[in-house]
Amino acid sequence: MEIFKIEGGHQLKGSIQPQGAKNEALQILCAVLLTPELVTIHNIPDIVDVNKLISLLKKLGVKIEKQSQGTYTFQADNLNLKYLESPEFKEDGKGLRGSIMIVGPLLARFGKGYIPKPGGDKIGRRRLDTHFEGFIKLGAKFRYSREDHFYGVEADKLKGTYMLLEEASVTGTANIVMAAVLAEGQTTIYNAACEPYLQQLCKMLNRMGAKISGIGSNMLIIDGVNSLEGTEHRMLPDMIEIGSWIGLAAMTKSELTITNVSWDDLGVIPSVFRKLGITVERQGDDIHIPAHTDGYEIQSYIDGSILTISDAPWPGFTPDLLSIILVVATQARGSVLVHQKMFESRLFFVDKLIDMGAKIILCDPHRATVIGHDFKSTLKATTMTSPDIRAGVSLLIAALSAKGTSTIMNIEQIDRGYENIDERLRAIGARIERVKA
Ligand SMILES: CC(=O)N[C@H]1[C@@H](OP(=O)(O)OP(=O)(O)OC[C@H]2O[C@@H](n3ccc(=O)[nH]c3=O)[C@H](O)[C@@H]2O)O[C@H](CO)[C@@H](O)[C@@H]1O
Ligand SMILES: C=C(OP(=O)(O)O)C(=O)O
């Protein structure tokens, strides 16, 4: 087991380049299963979840070659579908949330797709109904074994249809789109998720010969085609990492430049941080955060009432950044209510921040009120365990701002989604060491 030792209380300085997007990579890697031709992908982040999915694809028979850092070629021309029925697959498939998205492409191209209940963060119930209801609508037969939590869909042929999704599920929409591109006739997906990573997936599929319109909206119209070709694709920078670095800069009063952020794909992220009083400057395609020497002040609503920051499906604020908002608010001037609407177990990590001296009231599993210290009192260093990926990074940010040396256990959670985080943070002056426990 590895742990992070962090000596907090030091200002950072410099620039940091965000990695390729984790959640985009998980969709795009599954899409290589849709064609027997060569697919080249650039800017793939070197993180645990992505590497697990690459290893799963390899076992499935995809030929994979690393061309350079972040660039790989994939060719799914001779798959070993027997692997899907092996005990090994039942273990591998559980390892991450993103593995669920192999089901749509496999169903569309080979008439069957299986998956054990996928892993990912333990942040509340994470149902898969939207995925399978979509496949059933396209004509697939569904089976589920309660004993080993194993899902399966099979179909001789998929037929396009109209569907109104019960929820704008991100991985659900990606999965159904990847099935529908090879279905016979037209599929309409209403209440589709439309975040930039889904837009990227749809654009890539169109370059492969798919016919998807409505990209970026919540209604996708897909005219099925018989086969898809190879293509080349480049991943966007990871917007959750970008938000994490904005929070890190403010909380450690550091001047930081986050480079090549693809501003136009950040949606409301910069303005939500601005509501906490953080100066987020646009410099070309970079974000510049000046040192907040005098702290930052949370805005209130026009009528003077206390600000609420909550999540919503895109173009609303992503739930994956609420844990970062929460930790950054602990040192702001003023108060804010953080309302995590999507996930019901994602706020429990506030106990650790309270131990460190933060003023937070957990109102219920979805809502926490934060009363900022305005740096009049710093957080105290402590030993903590990282319960999920974003709470893990929030605790890391807290530790970097705290006085003294903190220890973070269970850092595999952080490595799941942040590439080489200790080395990259050391490069901007952080005192963080990875040590074997
Ligand atoms: C691998 C991957 O891409 N993971 C992301 C993906 O997960 P994932 O695709 O698993 O998340 P979903 O979009 O399916 O749903 C997330 C949760 O929110 C609920 N829900 C969803 C939509 C909605 O309109 N209302 C609602 O309450 C769902 O019931 C579920 O409990 O999207 C989530 C929501 O942005 C992100 O947190 C995850 O990082
Ligand atoms: C919840 C997340 O990831 P996953 O869906 O892979 O668990 C996340 O990236 O914040």
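For every chain, the first residue of the written sequence is number 1, and numbering continues from 1 onward in sequence order. For naming, the first written chain is A and the first written ligand is 1, with later ones following in the order written. Local features are withheld for residues below a pLDDT of 70 in this predicted model, meaning they are given only at 70 or higher, and side-chain atom pairs are given and counted only at 80 or more; totals for whole chains, interfaces and linings count all residues. Hydrogens and water molecules were not included; the side-chain quantities draw on all heavy atoms of the structure.

**Points about the overall build of the protein chain**
Thinking step 1. Think of it this way: any DSSP run of H or I at least four residues long counts as a helix, any run of E at least two long counts as a strand, and we number them from the N terminus. Per the secondary structure count, the protein chain includes 14 helices and 23 strands.
Thinking step 2. Scaling as 2.2 N^0.38, a compact globule of 437 residues should have a C-alpha radius of gyration of about 22 Å, and the protein chain matches this with 22 Å.
Thinking step 3. Expressed as a percentage of the 437 residues in the protein chain, the buried residues total 57%.
Thinking step 4. For accessible areas, the Shrake-Rupley method is used with a probe of radius 1.4 Å. Any residue's cover is judged against the shown protein chains and nothing else. Total accessible area on the protein chain is roughly 17100 Å²; 48% of this is exposed by carbon and sulfur atoms.
Thinking step 5. Counting rule for charge: Lys and Arg are taken as positive, Asp and Glu as negative, and neither His nor the chain ends is counted. Every charge is mapped onto a representative atom, which is NZ of Lys, CZ of Arg, CG of Asp or CD of Glu. Across the protein chain, the centroid of the 49 positively charged side chains sits 2 Å from that of the 51 negatively charged ones. C-alpha atoms define the radius of gyration, and 2.2 Å times the number of residues to the power 0.38 defines the globule rule. Only protein chains enter the area calculation, which uses a 1.4 Å probe; residues under 20% of their type maximum are buried, those over 50% are exposed, and those in between are partly exposed.

**Some points on the packing of helix α4 (residues 103-110) against helix α6 (residues 170-180)**
Thinking step 1. The geometry of α4 relative to α6 is characterised by a closest axis approach of 7 Å and an angle of 15° between their N-to-C directions. Regarding the angle of α4 to α6, the classification is roughly parallel. The handedness of the crossing between α4 and α6 is right-handed. Residues V103, G104, P105 and A108 of α4 form the contact with α6, whose participating residues are N175, M178 and A179. Between the N-to-C directions of two axes lies an angle of 0 to 180 degrees, each axis being a line fitted to C-alpha atoms and, for a helix, fitted only over the stretch in contact. Here the angle decides the label: under 35 degrees means roughly parallel, over 145 means roughly antiparallel, 65 to 115 means roughly perpendicular, and every other value means oblique. Rotating anticlockwise by less than a right angle from the far helix to the near helix defines a left-handed crossing, while the corresponding clockwise rotation defines a right-handed one. Any two residues having at least one pair of non-hydrogen atoms within 4.5 Å are treated as being in contact.

**Observations regarding the pairing of strand β22 (residues 404-409)**
Thinking step 1. Following DSSP output, two strands are said to pair if at least two bridges run between them. Two strands pair when backbone bridges link them, and strand β1 (residues 2-8) and β22 are joined in this way by five bridges, in the antiparallel orientation. Within the sheet, the bridge partner assigned to K5 lies in β22 and is T407.
Thinking step 2. In this sheet, β22 lies alongside strand β21 (residues 383-385) in parallel orientation, the contact comprising three bridges. Considered in β22, the bridge of T385 is made with M409.
Thinking step 3. Viewed with both strands pointing away, a crossover whose connecting path from the first strand over the helix to the second turns clockwise is right-handed. One crossover worth recording links β21 to the parallel β22 by way of helix α12 (residues 389-401), and it is right-handed.

**Let's talk about the UniProt feature "domain: Enolpyruvate transferase" (unreviewed entry) in the protein chain**
Thinking step 1. UniProt positions are given in the numbering used here, feature names are shortened, and annotations may be inferred rather than shown by experiment. In the numbering used here, UniProt assigns the feature "domain: Enolpyruvate transferase" (unreviewed entry) to residues 7-425.
Thinking step 2. Across residues 7-425, the secondary structure splits into 30% helix and 23% strand, with the terminal C-alpha atoms separated by 12 Å.

**Observations regarding the site of ligand 1**
Thinking step 1. We call a residue near a molecule or strand when any one of its heavy atoms sits within 4 Å of it. Taken together, 16 residues lie near ligand 1, and R97, E167, S169, T171 and D320 sit nearest.
Thinking step 2. A distance of 3.2 Å separates an oxygen atom of ligand 1 from a polar side-chain atom of R126.
Thinking step 3. By the criterion applied in these results, polar contacts are pairs of N or O atoms within 3.5 Å in which, for protein atoms, one can donate a hydrogen and the other can accept it, and in which residues neighboring in sequence qualify only through two side-chain atoms. E167 is positioned with one of its side-chain polar atoms (N or O) 2.5 Å from an oxygen atom of ligand 1.
Thinking step 4. When ligand 1 sits alone it has 740 Å² of accessible area, and the protein chains cover 84% of it.
Thinking step 5. Elements represented by at least two residues in the shell around ligand 1 include exactly α1 (22-31) and α6.
Thinking step 6. All residues other than Ala, Val, Leu, Ile, Met, Phe, Trp, Tyr, Cys, Pro, Asp, Glu, Lys and Arg, Gly among them, are scored as polar; the first ten of these are nonpolar and the last four charged. Tallied by class, the residues present in the shell around ligand 1 amount to seven nonpolar, three polar and six charged.
Thinking step 7. The domain boundaries here were taken from an automatic or database domain assignment. When we break the shell around ligand 1 down by domain, the ones giving at least three residues each are domain 1 (2-19 + 237-436) and domain 2 (22-234).

**A short note on helix α7 (residues 196-207)**
Thinking step 1. By definition here, a helix of n residues has an expected span of 1.5 Å times n minus one. Taking 1.5 Å of rise per residue, the twelve residues of α7 would be expected to cover 16 Å, and the 16 Å separating its terminal C-alpha atoms lies within 8% of that figure.
Thinking step 2. Buried residues dominate α7, accounting for nine of its twelve residues.
Thinking step 3. Once α7 finishes, G209 follows within two positions and takes phi at roughly 115°, a positive value.

**Quick notes on the domain arrangement of the protein chain**
A common way to state how big an interface is: give the accessible area lost once the parts meet.
Thinking step 1. As assigned here, the protein chain comprises domain 1 (2-19 + 237-436) and domain 2 (22-234).
Thinking step 2. For the domain 1 and domain 2 pair, buried surface summed over both sides reaches about 1900 Å², with 50% attributable to carbon and sulfur atoms.
Thinking step 3. Of all residues in domain 1, W314, R416 and E419 bury the most surface against domain 2, accounting for 33% of the area lost on that side.
Thinking step 4. Salt bridges are identified by distance alone: a Lys or Arg side-chain nitrogen within 4 Å of an Asp or Glu carboxyl oxygen. Scanning the region where domain 1 abuts domain 2 turns up two salt bridges.
Thinking step 5. With a shortest N-O distance of 2.8 Å, R125 and E344 are connected by a salt bridge.
Thinking step 6. For the side of domain 1 that touches domain 2, the secondary-structure elements that each account for two or more residues are α12 and α13 (412-415).
Thinking step 7. In terms of residue class, the side of domain 1 that touches domain 2 is built from seven nonpolar, four polar and ten charged. Here the quantity called buried area is the accessible surface, traced with a 1.4 Å probe, that two parts lose on coming together, added over both.

**Some words on the side chain of D49**
Thinking step 1. Within the element layout of this structure, D49 appears in helix α2 (residues 48-59).
Thinking step 2. Other than its neighbours up to four places away in sequence, D49 contacts K22, L26, L96 and R416.

**Concerning the sheet that holds strand β10 (residues 186-190)**
Thinking step 1. Strand order in the open sheet formed by four strands is β9-β10-β12-β11, with mixed pairing between adjacent strands. The sheet is open, and its two edges are formed by β9 (162-164) and β11 (211-213), each paired on a single side. Direction aside, the axes of adjacent strands within the sheet are offset by 15° on average.
Thinking step 2. In this sheet, strand β12 (residues 219-223) lies alongside β10 in antiparallel orientation, the contact comprising five bridges. From the neighbouring strand, T187 faces β12, where its bridge partner is I222.
Thinking step 3. Across the sheet, α6 is in contact with β9, β10, β11 and β12; its angle to β12 comes to roughly 20°.

**Structural notes on the nonpolar core**
Thinking step 1. Within the largest apolar cluster, 78 residues are counted, with the highest numbers of intra-cluster contacts made by I278, I287, L353, L396 and L425.
Thinking step 2. In contact with L396, not counting residues within four places along its chain, are F4, I6, I408, I414, I421, L425 and I432. In plain words, nonpolar cores are sets of buried Ala, Val, Leu, Ile, Met, Phe, Trp, Tyr and Cys residues tied together by side-chain atoms within 4.5 Å.

**Focus: the packing of aromatic side chains**
Thinking step 1. Ring geometry is summarised as follows: Phe, Tyr and Trp rings, the Trp one being its six-membered ring, pair when their centres sit within 6.5 Å, and such pairs are stacked at plane angles under 30 degrees, edge-to-face over 60 and tilted between the two. Evaluated as defined, the whole model comprises eleven aromatic pairs.
Thinking step 2. Centre to centre, the rings of W245 and Y418 are 6.1 Å apart; their planes meet at 65°, and the pair counts as edge-to-face. Note that W245 is positioned in helix α8 (residues 239-251) and Y418 in the loop between α13 and α14 (421-426), a separation of 173 residues in sequence. Here the two residues W245 and Y418 agree in accessibility, since each one is buried.
Thinking step 3. Here the aromatic rings of Y296 and F375 are separated by 5.8 Å at their centres, their planes lie at 80°, and the arrangement is edge-to-face. Placement of the pair is Y296 in the loop between β16 (286-289) and β17 (307-310) and F375 in the loop between β20 (367-371) and β21, with a sequence separation of 79 residues. With respect to class, Y296 is no different from F375; both count as buried.

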